[in-house]
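An overview of the molecular structure
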Amino acid sequence: MNCDRLRINLGHVIRDSRHALGYSQEGFAHIVGLHRTYVGAVERGERNVSLTNLARIAKALSTPLSSLLRAAEEEAGEDTAACA
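Note that this is a predicted model, so its numbers are computed, not measured.

For the rest of this paragraph, the subject is the layout of surface pockets. If you add up the space inside the largest pocket, you get close to 240 Å³. Along its surface, the largest pocket is lined by 15 residues, and Leu6, Arg7, Leu10, Asn48 and Val49 are the ones closest to its centre. Of all the elements in the fold, those that place two or more residues in the lining of the largest pocket are α1 (3-20), α4 (51-60) and α5 (65-76). Broken down by element, the residue count for the lining of the largest pocket peaks at five residues, all from α1. In the lining of the largest pocket, the residues fall into 10 nonpolar, three polar and two charged.

So, about the environment of alanine 55. By secondary structure assignment, the location of alanine 55 is in helix α4. On the basis of relative accessibility, which here comes to 36%, the residue alanine 55 falls in the partly exposed class. Sequence-wise, alanine 55 and leucine 65 are 10 residues apart; in three dimensions their C-alpha atoms are separated by 6.0 Å.

Turning next to helix α3 (residues 36-43). It helps to recall that an α-helix has 3.6 residues per turn; residues three or four apart then point in one direction. With respect to burial, α3 is a largely interior element, six of its eight residues being buried. Among all positions of α3, only Tyr38, Val39, Gly40, Ala41, Val42 and Glu43 are buried. On its buried face, α3 is in contact with α1, α2 (25-32) and α4.

About the thresholds
- Residues numbered from 1 in each chain as written.
- Predicted model: local features only at pLDDT ≥ 70, side-chain atom pairs only at ≥ 80, totals over all residues.
- Heavy atoms only, no water.
- 1 Å grid on protein atoms, 1.4 Å probe; cavity = no way out; pocket = protein on both sides within 12 Å on 5 of 7 lines; lining within 4 Å.
- Points joined across faces, edges and corners; volume = space filled by probe spheres on them.
- Helix = DSSP H or I, 4+ residues; strand = E, 2+ residues; numbered from the N terminus.
- Nonpolar A, V, L, I, M, F, W, Y, C, P; charged D, E, K, R; others polar.
- Buried < 20%, exposed > 50% of the residue type's maximum accessible area, 1.4 Å probe, protein only.
- Contact = heavy atoms within 4.5 Å.

Right, here's the structure in full:
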């Protein structure tokens, strides 16, 4: 799998999860403690989110970090072993 595709998929998963909880991007960013533009860039797959920030996002979504990553991998339907 292309690493860019994984980053984009992760952004989709985060955005969809945020929407499901009824958060606006701005409100969600406030809860997570990140800037709205940063959250937007992560959701669009433009930012390579750090593990620390991803853990904060997962906590705000009330979901395990592993679930976010698994969903991103499943969306692509490919092996991520080539992503290094």
